[in-house]
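Per-entry structural report
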Amino acid sequence: TISQFISELGNAFTKGMNKKYKRKGVLFESKVKSKWVDDETYFVWVVKYILENPVKAGLAKNVIDYEFSSAKELFGLSMQNITDVGTTLSFFDSYEAFKIFIRDNKSVSSYEI
């Protein structure tokens, strides 16, 4: 299952980092949370939440500034071919609507993410 894959990926990453840096213990502050995304409205809020995380954590000033994000691909600033840009943007009425939604700091979700 995808949950098992993510769990094994996280464990392998942690073991690798611990070995590389000769350390022990966890790398991440809390457990990874997974939640089934079964409606389009919820999906767009998950995208916003993920893109805003580095900004909220103080790792970047803007969503497009964080190096390890798909934001640059979604905003057309990079062509890494990692993100399914077309599918993600298809959940919005237009490319402009996507940009406005992501950049709008006043938009707050009523969803629990």
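That block above? That's the structure.
Positions within a chain are numbered from 1, following the residues in the order the chain's sequence is written. In keeping with the model being predicted, local features are shown solely for residues with a pLDDT of at least 70 and side-chain atom pairs are shown and tallied solely at 80 or more, while totals for entire chains, interfaces and linings include all residues. By convention in this description, side-chain values take in all heavy atoms of the structure and omit both hydrogens and water.

**Some remarks on the packing of aromatic side chains**
Each Phe, Tyr or Trp ring, with Trp reduced to its six-membered ring, pairs with another whose centre is within 6.5 Å; inter-plane angles below 30 degrees give stacked pairs, above 60 give edge-to-face pairs, and intermediate values give tilted ones. If you walk through the whole model with that rule in mind, you get seven aromatic pairs. Ring centres of W45 and F101 lie 4.8 Å apart, and the angle between their planes is 75 degrees; on these two criteria the pair is classed as edge-to-face. A residue pair is termed long-range when its members are at least 10 positions apart, and W45 in helix α2 (residues 40-56) and F101 in helix α5 (residues 95-103) qualify at 56 residues. For the pair W45 and F101, a shared accessibility class is recorded, and that class is buried. Residues F92 and F98 carry aromatic rings whose centres are separated by 5.1 Å and whose planes lie at 75 degrees to one another, so their mutual orientation is edge-to-face. Accessibility classification places F92 together with F98 in one group, the buried group. Ring pairing ties together the aromatic residues W45, F75, F92, Y95, F98 and F101, which thus form one cluster. Cation placement over rings: the criterion is NZ of Lys or CZ of Arg within 6 Å of the ring centroid and within 35° of the ring normal. Across the ring face of F101, the terminal group of K48 is positioned such that the distance to the ring centre comes to 5.1 Å. Think of it this way: any DSSP run of H or I at least four residues long counts as a helix, any run of E at least two long counts as a strand, and we number them from the N terminus. Throughout, exposure labels follow a simple rule: accessible area from a 1.4 Å probe, protein chains only, divided by the maximum for the residue type, with under 20% read as buried, over 50% as exposed, and the rest as partly exposed.

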